[in-house]
Amino acid sequence: MEVAKGLEGIYAVESAIATIDGLKGILHYRGYNIHDLAEKSTFEETCYLLLYGELPTKEQLKEFEIKLKVQRELPKEIVKLIKILPAEKPMSTLRTVVSAIGLYDKDADALGREALIDKSINLIAKLPVIVASIGRVAKGEKILKPKKGLSTAANFLYMLHGKRPDKFHARVFDICLILHAEHELNASSFTARATASTLSDIYSATTSAIGALKGAWHGGANEQVIKMLREIGSAERVESYLREKIEKKERIMGFGHRVYKAKDPRATILERYSKELAEKAGDNGNNSLYQISKKIEDFMSSQQKLTEKGIFVNVDFYSASVYTYLDIPPSLFTPIFAASRMSGWAAQLLEQYADNRIFRPRAKYVGAEERNYVSINKR
């Protein structure tokens, strides 16, 4: 038996949700190119697409948006829980709060399709509200209630900052949510499906997924990117900083991907908005986050040894500067990832429950040969 470490190259499920061409840098949701969705769609419409498999009509989208807005309100007990949990550990807080939400669903264990869709809509609606609330507590500010007339993206920014965002900022964040919504059988989606395969409930599966996303090599990478950008501080320091990192064989955050061997298509879209946000903020000098980011990418792309290995910029890289321009603290980068990816997790879970087989891979044993037990007095 050969062992595929990290399950690389192993097909574990059949799925109709997302497809990735890693060599060409192409991503589709349900057959739709991510560039088209980012340009023409909304997060709500994308969520509908992921859950139901088709783009909605105007009437279907309107009904779906109403359902999301109705479900945004958090139980009072959940609001109290958010207030008392450690604000400095937002992903751990999010994981705990999502688990707790399951306690307030009397039919949490219902696994019929309609019940699962209702629970999915509930979680898709609530996660952005939870993340914004965690952000408010971290700043020592009062948790705000959702504003009914706003989209998911605009409502998040309103709840976080305490004021209505302008249309451009709201649209950029809406695109960020679309880009992070789904990405095939990544670590967190696999974890969610593995939990669901035991016929555990959707809240447990989502809690498992959040635990997987928490890791620095998955959802936590963009937080590490902004730390790197601030550590470099100026575009003039980029080359010397990176050469030193490469010589020490240290990881450059925001580069490389298990599947992509070309530039991540989501990074291409985010690069554009990082530049536009920088221009609107008047952040155009050598200390500009965008300029530093661009120079890092240019330098890394010039390194033949890296490009031959397929190491190119990924989605985490430019999302770090985009979120910073939107005045979102780094501690919320990964929780936002979870709030967006909830729609993808839900789609994955609907597939898993519909055609379930419990995950039970094997481990190739490399330990000691059979041994005789020796009494403790003779050891």
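Just above, that's the structure.
Residues numbered from 1 in each chain as written. Predicted model: local features only at pLDDT ≥ 70, side-chain atom pairs only at ≥ 80, totals over all residues. Heavy atoms only, no water.

S.K.: I'd like a description of the nonpolar core, backed by residues and values.
M.R.: If you look at the biggest cluster of nonpolar residues, it comprises 118 residues, and the most contacted ones within it are Ile-82, Leu-94, Phe-156, Phe-173, Ile-296, Ile-328 and Ile-336. Per element, the largest residue contribution to this core is 13 residues, and it comes from helix H6 (residues 113-138). The residues touching Ile-296, leaving out its near neighbours within four places in the chain, are Met-228, Leu-229, Ile-232, Val-238, Leu-242, Phe-255 and Phe-317. (Core = buried A, V, L, I, M, F, W, Y, C linked by side-chain atoms within 4.5 Å. Buried < 20%, exposed > 50% of the residue type's maximum accessible area, 1.4 Å probe, protein only. Helix = DSSP H or I, 4+ residues; strand = E, 2+ residues; numbered from the N terminus. Contact = heavy atoms within 4.5 Å.)

S.K.: How would you sum up the packing of aromatic side chains? Please name residues and give values.
M.R.: Within the structure shown, the criterion is met by 10 aromatic pairs. With 6.4 Å between their ring centres and 85° between their planes, Tyr-52 and Phe-64 make a pair best called edge-to-face. Highlighted residues: Tyr-52 in helix H2 (residues 43-52) and Phe-64 in helix H3 (residues 58-71), separated in sequence by 12 residues. Take Tyr-52: its relative accessible area is 33%, and that puts it in the partly exposed class. (Phe/Tyr/Trp six-rings, centres within 6.5 Å; stacked < 30°, edge-to-face > 60°.)

S.K.: Any details on the pairing of strand E2 (residues 26-29)? Residues and values, ideally.
M.R.: Only one face of E2 is buried: it carries Leu-27 and Tyr-29, and the other face, with Ile-26 and His-28, is open. Sheet topology places strand E1 (residues 18-21) next to E2; 4 bridges connect them, and they run antiparallel. Across the sheet, Asp-21 pairs through a bridge with Ile-26, a residue of E2. In sequence, E1 turns back onto E2 through a hairpin of 4 residues, with Gly-25 there showing a positive phi of about 70°. Looking at chain direction, E2 and strand E3 (residues 32-33) are connected through 2 bridges and run antiparallel. Across the sheet, residue Tyr-29 finds its bridge partner in E3, namely Tyr-32. Where E2 hands over to E3, the hairpin turn is made up of 2 residues, of which Arg-30 adopts a positive phi near 50°. (Pairing = 2+ DSSP bridges.)

S.K.: Report on empty space enclosed by the protein, specifying residues and quantitative values.
M.R.: For the coordinates displayed, the defined rule picks out 2 cavities of 30 Å³ or more. Estimates place the volume of the largest cavity at around 50 Å³. Taken together, Leu-68, Arg-72, Ile-124, Ala-125, Pro-128, Val-129, Thr-152 and Asn-155 make up the lining of the largest cavity. Those elements that place two or more of their residues in the lining of the largest cavity are H6 and helix H7 (152-161). If one sorts the elements of the lining of the largest cavity by residue count, H6 sits on top with 4 residues. Its residues placed into classes, the lining of the largest cavity shows 5 nonpolar, 2 polar and 1 charged. (1 Å grid on protein atoms, 1.4 Å probe; cavity = no way out; pocket = protein on both sides within 12 Å on 5 of 7 lines; lining within 4 Å. Points joined across faces, edges and corners; volume = space filled by probe spheres on them. Nonpolar A, V, L, I, M, F, W, Y, C, P; charged D, E, K, R; others polar.)

S.K.: Let's hear about unusual backbone geometry: which residues, and what values?
M.R.: One non-glycine residue, Arg-30, lies in the positive phi region at around 50°. Relative to the elements of secondary structure, Arg-30 occurs in the loop between E2 and E3. The phi dihedral of Glu-184 falls on the positive side, at around 60°, and the residue is not glycine. Turning to its location among the elements, Glu-184 is positioned in the loop between helix H8 (167-179) and helix H9 (187-196). In this structure Glu-184 comes out as partly exposed when scored by relative accessible area, which is 30%.

S.K.: Account for helix H4 (residues 76-84), naming residues and giving values.
M.R.: Given 3.6 residues per turn, any residue in an α-helix points the same way as the ones three and four places further on. Along H4, the residues that are buried comprise Ile-78, Leu-81 and Ile-82. Take H4 and look down its axis: the buried residues cluster within an arc of 100°, on one side only. Relative to its buried face, H4 has exposed residues pointing more than 90 degrees away, namely Lys-76, Lys-80, Lys-83 and Ile-84. Considering only its buried residues, H4 is in contact with helix H5 (90-101) and H6. (Arc of directions from axis to C-beta.)

S.K.: Break down the sheet that holds E2 for me, citing the residues and quoting the values.
M.R.: A sheet is described by the order of its strands in space; here 3 strands give the open sequence E1-E2-E3, paired in antiparallel fashion. Here the strands that pair on one side only, and so sit at the sheet edges, are E1 and E3.

S.K.: Help me get a handle on the layout of surface pockets, residues and values and all.
M.R.: To find leftover empty space, one rolls a probe the size of a water molecule over the atoms. Its volume calculated, the largest pocket comes out at about 1400 Å³. When residues of the lining of the largest pocket are traced back to their parent elements, those giving at least two are E1, H9, helix H16 (315-325) and helix H17 (333-354). Across the lining of the largest pocket, the residue classes break down as 18 nonpolar, 11 polar and 8 charged. In this model, the second largest pocket occupies a volume close to 560 Å³. What lines the second largest pocket is a set of 22 residues, among which Glu-250, Met-300, Leu-306, Lys-309 and Ile-311 lie closest to the centre. Mapped onto the lining of the second largest pocket, the elements with two or more residues apiece are helix H12 (238-247), helix H14 (289-301) and helix H15 (304-308). If you tally residues by element for the lining of the second largest pocket, the top one is H12, at 4 residues. Grouping the constituent residues of the lining of the second largest pocket by class yields 7 nonpolar, 5 polar and 10 charged.

S.K.: Outline the side chain of Thr-334, listing residues and values.
M.R.: Here Thr-334 is to be found in helix H17. Within polar-contact distance, the side chain of Thr-334 engages the backbone oxygen of Gly-219 at 3.0 Å. Once residues lying within four places of it in the same chain are set aside, the contact partners of Thr-334 are Met-91, Leu-213, Lys-214, Gly-219, Gly-220, Asn-222 and Glu-223. (Polar contact = N/O pair within 3.5 Å; in protein donor to acceptor, adjacent residues only side chain to side chain.)

S.K.: Any details on the pattern of salt bridges? Residues and values, ideally.
M.R.: Between side chains of opposite charge, a pair can form as their charged atoms come close. Under the definition given, this model contains 16 salt bridges. Put simply, Lys-139 and Glu-141 hold a salt bridge, and the shortest N to O gap is 3.5 Å. When its relative accessible area of 35% is taken as the criterion, Glu-141 is described as partly exposed. One connected set of salt bridges, linked through shared partners, spans Lys-263, Glu-271, Lys-294, Glu-297 and Asp-298. (Salt bridge = Lys/Arg side-chain N within 4 Å of Asp/Glu carboxyl O.)

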